[in-house]
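Observations on chain architecture
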Amino acid sequence: DGGITQSPKYLFRKEGQNVTLSCEQNLNHDAMYWYRQDPGQGLRLIYYSQIVNDFQKGDIAEGYSVSREKKESFPLTVTSAQKNPTAFYLCASSIVRTENQPQHFGDGTRLSIL
Amino acid sequence: GNSVTQMEGPVTLSEEAFLTINCTYTATGYPSLFWYVQYPGEGLQLLLKATKADDKGSNKGFEATYRKETTSFHLEKGSVQVSDSAVYFCALNEAGNNRKLIWGLGTSLAVNP
């Protein structure tokens, strides 16, 4: 079955540490997205990429970095500059060639501070 | 700018009750509209969508009609089940090449047996 795989499901970060969240998709989608979800705040876009080797900042990119070296993969690094990283992180992908296409989501990674 | 406003939750219903979750939007042009559902501890799943005025999206007993005159896309279900307990998100896709979704804050639904 095609889908989006996020790993790990739970992740703990120490002070001053960078951590990387994995997102892999086998849907052959061009676009991939990273969202942060906090209680009562809905989804906020961190970064998105519509093509390999290109990505754009979303609404809350500070303290995060991404890469898009392969179509299937869009890892997110939470750097030590992100002072409040505790949240639920969701990766999504979508077709770009045609309009009105929905985004497909992974099951998320929950990041906590030690 | 474009925005989506959902009714605040939590919404608590008894099994077999009628459900309405309101969603209104502000957008230029003709956006596509979506409802997503998030079950506890999981990612989001597309529930239904509508791409033009007067379209009705439907899935699993849920329905929503794209009303351009009232800029609304309210989610309805005639008889909810305990398994419908989840958070529901309304979203719009801006017309054009920008593929970003604009999200509502989500409405939590709890259905009691």
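Residues numbered from 1 in each chain as written. Chains lettered and ligands numbered in written order. Predicted model: local features only at pLDDT ≥ 70, side-chain atom pairs only at ≥ 80, totals over all residues. Heavy atoms only, no water.

Looking only at helices and strands, chain A has zero helices and eleven strands in total. Starting at the N terminus and ending at the C terminus, chain A contains elements arranged as β-β-β-β-β-β-β-β-β-β-β. What you see for chain A is a C-alpha radius of gyration of 13 Å, in line with the 13 Å of a compact globule of 114 residues. Along the three orthogonal principal directions, the C-alpha set of chain A runs to about 40 × 25 × 25 Å. (Helix = DSSP H or I, 4+ residues; strand = E, 2+ residues; numbered from the N terminus. Rg over C-alpha atoms; globule rule 2.2 N^0.38 Å.)

Taken together, the contacts link 22 residues of chain B with 24 residues of chain A. Where chain B meets chain A, there are zero salt bridges. Counting across the interface, chain B meets chain A through three residue pairs in polar contact (both at pLDDT 80 or more). Those elements that provide at least two residues to the side of chain B that touches chain A are strand E5 (32–38), strand E6 (44–50), strand E10 (86–93) and strand E11 (101–103) of chain B. At four residues, the largest contribution of residues to the side of chain B that touches chain A is made by E5 of chain B. Here the side of chain B that touches chain A is composed, by residue class, of nine nonpolar, nine polar and four charged. (Contact = heavy atoms within 4.5 Å. Salt bridge = Lys/Arg side-chain N within 4 Å of Asp/Glu carboxyl O. Polar contact = N/O pair within 3.5 Å; in protein donor to acceptor, adjacent residues only side chain to side chain. Nonpolar A, V, L, I, M, F, W, Y, C, P; charged D, E, K, R; others polar.)

Bringing the pairing of strand E1 (residues 4–7) of chain A into the picture now. Residues and elements named next belong to chain A. Burial along E1 is one-sided: Ile4 and Gln6 are buried, while Thr5 and Ser7, pointing the other way, are not. Bridge count for E1 against strand E3 (residues 19–25) is four bridges, and the pairing is antiparallel. Looking at the pairing, Ile4 lines up with Gln25 of E3. (Buried < 20%, exposed > 50% of the residue type's maximum accessible area, 1.4 Å probe, protein only. Pairing = 2+ DSSP bridges.)

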